[in-house]
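One letter stands for each residue in the lines below.
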Amino acid sequence: MKNIVVLISGGGTNLQAIIDACATGDINAKISAVVSNKADAFGLARAAKANINTAIISHKDYDDRESFDIALRELVESYNPDLVICAGFMRILTGAFVNHFLGRSLNIHPSLLPKFTGLNTHQRAIDAGESQAGTSVHFVTEELDGGPVVIQAAVPVLSDDNAQVLAARVLEQEHKIFPLAAKWFCEDRLTLKNGKAVLDGEILPDTGFQFKG
Ligand code: GRF
């Protein structure tokens, strides 16, 4: 059974989806810790309810990004994870962290990458007149939201959508594709090879596996 550490900063609905999938055995793994950079992240309560260890490490206690990333790396490494899952972890991670966990760290981003990296993705998709929005799970690399995409799910953008309504529609898909990507990884079906995401021995396309529900 694999060992997962989940990094969060907020509400933790993606964390909950992964907790649930581990509980049913759908993901063959145990979550050994949930780490938050925010003491008031609701995801910490979700972890406690599931009897998962929690840890808080505030970036505000460190002089710069690098020293925070080194401390975070050491904290996470102390749990010996096979997989590190960034589930709404709202800090940009530098090489000090990312390169240490290269090939064993996944992030979820609320857009159809490579479109709309960074913040406010839903509003930006609406403003750009996109007919589709969505979400992507990708391997974490030094390039922000730029690592090889594993899986994507698309949803329609409707004419009366606002960012909040669209975010809720996307989030429903996030709760399906993130546990699925974690499941693949924990079954040794998903790897990062020569900078490409590989599923069942096949290099995935640049936009990853297209999830259709
Ligand atoms: C999700 O939309 C995820 O894509 C983004 O942050 C949000 C986290 O939501 N990175 P939650 O904390 O999992 O509910």
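Residues numbered from 1 in each chain as written. Predicted model: local features only at pLDDT ≥ 70, side-chain atom pairs only at ≥ 80, totals over all residues. Heavy atoms only, no water.

Draft legend 1. Focus on the sheet that holds strand β8 (residues 190–193). Spatial ordering of the open sheet is given by β8-β9-β10, a layout of three strands whose pairing is antiparallel. Each edge of the open sheet carries a strand with a single partner, namely β8 and β10 (202–203). Sheet topology note: the β8/strand β9 (residues 196–199) ladder contains four bridges and is antiparallel. Counterpart to Thr191 in the pairing with β9 is Val198. (Pairing = 2+ DSSP bridges. Helix = DSSP H or I, 4+ residues; strand = E, 2+ residues; numbered from the N terminus.)

Draft legend 2. Structural view of the sheet that holds strand β3 (residues 54–56). With mixed pairing, the eight strands of this open sheet are ordered in space as β3-β2-β1-β4-β5-β6-β7-β11. The open sheet has two free edges, formed respectively by β3 and β11 (209–211), since each of these has just one partner strand. In this sheet, neighbouring strand axes are inclined to one another by 20° on average, regardless of whether the strands run parallel or antiparallel. Direction of pairing for strand β7 (residues 149–156) relative to β11: parallel, over a ladder of three bridges. From the neighbouring strand, Ile151 faces β11, where its bridge partner is Phe209. Strands β1 (2–8), β2 (29–36) and β3 of the sheet are contacted by helix α2 (residues 42–49), whose axis makes an angle of about 155° with β3. Packed onto the sheet, helix α6 (residues 163–186) meets β1, β2, β4 (83–86), β5 (105–109), β6 (132–139), β7 and β11 and runs at close to 155° relative to β7. (Axes fitted to C-alpha atoms, helices over the stretch in contact; angles between N-to-C directions. Contact = heavy atoms within 4.5 Å.)

Draft legend 3. Representation of helix α3 (residues 65–77) in the model. In this model, α3 (13 residues) spans 18 Å end to end at C-alpha, consistent with the 18 Å of a helix rising 1.5 Å per residue. For α3, the full list of buried residues reads Phe68, Asp69, Ala71, Leu72 and Val76. Burial along α3 is one-sided: seen end-on, the buried residues are contained in an arc of 165°. Where α3 is buried, its residues meet β1, β2, β4 and α4 (95–98). (Expected span 1.5 Å × (residues − 1). Buried < 20%, exposed > 50% of the residue type's maximum accessible area, 1.4 Å probe, protein only. Arc of directions from axis to C-beta.)

Draft legend 4. Structural detail: the packing of helix α1 (residues 13–23) against α6. Viewed as axis vectors pointing N to C, α1 and α6 meet at an angle of 40°, and their least axial separation amounts to 9 Å. Classified by the angle between their axes, α1 and α6 sit oblique to one another. Both α1 and α6 take part in a crossing whose hand is right-handed. Contacts from Thr13, Asn14, Ala17, Ile18 and Ala21 in α1 reach Leu171, Glu174, His175, Phe178 and Pro179 in α6. Tallied by class, residues from the contact of α1 with α6 come to six nonpolar, three polar and one charged. (Parallel < 35°, antiparallel > 145°, perpendicular 65-115°, else oblique. Left-handed = near helix turned anticlockwise from the far one by under 90°. Nonpolar A, V, L, I, M, F, W, Y, C, P; charged D, E, K, R; others polar.)

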